[in-house]
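Residue-level structure breakdown
If you want the building blocks of each chain, they are given just below.
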Amino acid sequence: MIVLGIESSCDETGIALYDTGRGLLSHALYSQIALHAEYGGVVPELASRDHIRRIVPLLEEAFGKASLKPAEIDAVAYTQGPGLAGALLVGSSVAAGLGFALGKPLIGVHHLEGHLLSPLLAKQPPEFPFVALLVSGGHTQLMKVSGVGRYELLGETLDDAAGEAFDKSAKLLGLPYPGGPEISKLAEQGVPDVFQFPRPMLHSKDLNFSFSGLKTAVLTTVNRQTQPLSGGVRADIARGFVDAIVDVLVAKCAKALRQTRLRQLVVAGGVGANRQLRTALGKMASRRRCRVFYPEIEFCTDNGAMIAFAGAMRIKENPDCMRHTYGFTVRPRWSMEELAAA
Ligand code: KG4
Ligand code: ZN
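Residues numbered from 1 in each chain as written. Chains lettered and ligands numbered in written order. Predicted model: local features only at pLDDT ≥ 70, side-chain atom pairs only at ≥ 80, totals over all residues. Heavy atoms only, no water.

Here's the deal with the sheet that holds strand β2 (residues 12–19)
Here is the rule we go by: The criterion for strand pairing is that DSSP finds at least two bridges linking the strands in question. Helix and strand assignments follow DSSP, with helices taken as H or I runs no shorter than four residues and strands as E runs no shorter than two, numbered in order from the N terminus. Interaxial angle, 0 to 180 degrees, is taken between N-to-C directions of lines fitted to C-alpha atoms, where a helix line uses only the stretch in contact.
The sheet built from five strands is open, its strands ordered β3-β2-β1-β4-β5 with mixed pairing. With one partner strand each, in any of the chains shown, β3 (23–31) and β5 (106–110) form the two edges of the open sheet. Ignoring strand direction, the axes of neighbouring strands in this sheet form an average angle of 20°. Bridge count for strand β1 (residues 2–7) against β2 is six bridges, and the pairing is antiparallel. Of the residues in β2, the one forming a bridge with Glu7 is Gly14.

The structure is reproduced here in structure tokens:
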């Protein structure tokens, strides 16, 4: 069975073709980062318009790379939510249009389920059950994943998402959007412990996170320095910030592994591309005799492959989840808990 996947929830337009027998056939991606950089964040209206511009050429590219004709697919999976309403509408309407024209069924996919299952696309995938750390620009959650659609929320952020903390702190240091990769690059040149930042909720008994205090601590530290900041001071602040956030993420993952008695940790979402986080998680896991799994680096941030794959897994689990009606709605605030219950 061949599933076409369409992702357009935020600032990446992603298209992919996944075959349940042969694996990923092709994928095509366009990132709008450069478009939004001058505004310091994603501008929703610009995002929607750019998805409209990119989506058809990307579809042609993905079908071309896979040497497939649209009529050869079996279903269309698209990101139904959560995300920016206008952006989601682009992918959803193209999916519905294609489904209607080709007479193929549709399946609306939850964006976070796409991230959550994306490590299963890797060459050495984990097996169910596993603990998953979902760390993206909008979400920070720890989940126990027992199978497709069988997700138990173990803990989540009470305020900012980890990616948001990366991006906002980077902005305070004058780094361009998106700040996550930039601040971690800068941190590599910084000296540890010159600036010590709080590790919010590090010792709380639960598996929740809180990052807004950390961002405020970066703000007060920046304001206390003589301006403009020298390169060395910026790098040291970056280092203090990255060390703090990584410590908290790693400690909570260790706690989740201990509580669930599981030995596999899956890390998904954009922040999962962070090098410092990967190194620290690797050390923690080898101490605990656990294994850490990541999606291929190109599938850490938003992409169509994870949507095609999650759609295919859903269909395999329950073929009735596909629909042949072509009206569509988007779900900008769709929560994972609603999904697990569905
Ligand atoms: O999963 P994603 O592409 O989009 C959402 O669904 O949110 O994640 C984007 C987030 C941004 O906040 C970005 O700064 C962060 O992931 N990110 C990183 C790195 N690469 C992307 N954060 C830290 N280090 C990185 N290397
Ligand atoms: Zn995402």
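From this point on, the discussion continues.
Regarding the coordination of the zinc ion (ligand 2)
Let me state the cut-off plainly: As a rule, N, O and S atoms within 2.8 Å of a metal are its donors, except that Na, K and Ca use 3.2 Å; water is not among the atoms, so sites may look incomplete. Between 85 and 135 degrees for all angles marks four donors as tetrahedral; over 155 degrees for opposite donors together with 65 to 115 for all other angles marks four donors as square planar and six as octahedral; every other arrangement is irregular.
At this site the zinc ion (ligand 2) is bound by His111 (NE2), His115 (NE2) and Asp302 (OD), with donor distances of 2.0 to 2.1 Å. Considering all four donor atoms around the zinc ion (ligand 2), the spread of angles at the metal, 92 to 142°, places the coordination shape in the irregular class. Sequence spacing among the residues donating to the zinc ion (ligand 2) works out to H-x3-H-x186-D. You can see His111 and its partner His115 sitting in helix α4 (residues 111–117), four residues apart, about one turn around the helix.

Details of the site of ligand 1
To keep it simple, the criterion reads: For this purpose, a residue is taken to be near a molecule or strand whenever a single non-hydrogen atom of the residue falls within 4 Å of it. For this analysis, a polar contact is any N or O atom pair within 3.5 Å, provided that within protein one partner can donate a hydrogen and the other can accept it, and provided that sequence-adjacent residues contribute only side-chain to side-chain pairs. Surface accessibility in these figures is a Shrake-Rupley result with a 1.4 Å probe; residues are shielded only by whichever protein chains are displayed. Side-chain classes follow a simple rule in which Ala, Val, Leu, Ile, Met, Phe, Trp, Tyr, Cys and Pro form the nonpolar group, Asp, Glu, Lys and Arg form the charged group, and the remainder, Gly included, forms the polar group.
The environment of ligand 1 is formed by 19 residues, the closest being His115, Gly137, Asp167, Gly270 and Asn274. Between ligand 1 and the protein, one listed contact pairs an oxygen atom with a backbone N or O atom of Gly137 at 2.7 Å. Gly163 is positioned with one of its backbone polar atoms (N or O) 3.2 Å from an oxygen atom of ligand 1. Expressed as a share of its isolated accessible area of 550 Å², the protein-covered part of ligand 1 is 86%. Elements represented by at least two residues in the shell around ligand 1 include exactly α4, α5 (162–172) and α6 (179–187). Partitioned by chemical class, the residues of the shell around ligand 1 number five nonpolar, 12 polar and two charged.

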